[in-house]
Structure formats: structure tokens, C-alpha cells
Amino acid sequence: MLNRIKSVYLYISKVGTVTTSELAEEFGITDRTMQRDLSILEYNGLVSSPNRGKWTTTEKKVKIS
């Protein structure tokens, strides 16, 4: 699960603004599962949803290992 969340973050940072449905389709999971993953990223301040259902990365610095 953590690898998927990391991959989601990297995908959003590469692509830019994406919808929950686009992410779910890209990663082959349900919208609800993707929403849970995005909630984890949002809680940690790594992504935000300025427009309902559209996600983008924040300016928070993150070290990817």
C-alpha cells in the first residue's frame, strides 16, 4: 500500500492536476480506494484539492527514498 501511495504522489507531481477517477483508472483500483490513498497524502500535506475532485501536489518538500 505504501508503494502505491508513493507512486500516486509521484504520478501527480509528474502529470500535474488529475481527478480521482483518472488516478483510479491509472492504478487499476476503485475510486473509493484511491480516495483513501489521497486522504493519506492530503493529511500529510503532500497533495491538495483546490477544485472538488481535482488533485495537485503542494509546495511541501518531501524526500523520496
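*Asks:* Help me understand the layout of surface pockets, please; the structure alone is not making it clear to me.
*Replies:* Empty pockets left among the atoms are what a rolling probe the size of a water molecule brings to light. Within this model, the largest pocket holds a volume of roughly 210 Å³. Lining the largest pocket, in full, are Leu 2, Ile 5, Lys 6, Tyr 9, Ile 40, Leu 41, Asn 44, Leu 46, Val 62, Lys 63, Ile 64 and Ser 65. Of the residues forming the lining of the largest pocket, the biggest block, four residues, is contributed by helix H1 (residues 2-15). Tallied by class, residues from the lining of the largest pocket come to eight nonpolar, two polar and two charged.

*Asks:* Help me understand the packing of aromatic side chains, please; the structure alone is not making it clear to me.
*Replies:* We describe a pair of aromatic rings using the distance from one ring centre to the other and the angle between the two ring planes. As enumerated under the stated definition, the model contains one aromatic pair in all. Residues Tyr 11 and Phe 27 carry aromatic rings whose centres are separated by 5.8 Å and whose planes lie at 85° to one another, so their mutual orientation is edge-to-face. Of the two residues, Tyr 11 sits in helix H1 while Phe 27 sits in helix H2 (residues 20-27), which places them 16 residues apart along the sequence. Overall, the relative accessible area of 24% leaves Phe 27 in the partly exposed class.

The rules behind each value
Residues numbered from 1 in each chain as written. Predicted model: local features only at pLDDT ≥ 70, side-chain atom pairs only at ≥ 80, totals over all residues. Heavy atoms only, no water. 1 Å grid on protein atoms, 1.4 Å probe; cavity = no way out; pocket = protein on both sides within 12 Å on 5 of 7 lines; lining within 4 Å. Points joined across faces, edges and corners; volume = space filled by probe spheres on them. Helix = DSSP H or I, 4+ residues; strand = E, 2+ residues; numbered from the N terminus. Nonpolar A, V, L, I, M, F, W, Y, C, P; charged D, E, K, R; others polar. Phe/Tyr/Trp six-rings, centres within 6.5 Å; stacked < 30°, edge-to-face > 60°. Buried < 20%, exposed > 50% of the residue type's maximum accessible area, 1.4 Å probe, protein only.

Geometry only, nothing functional implied.
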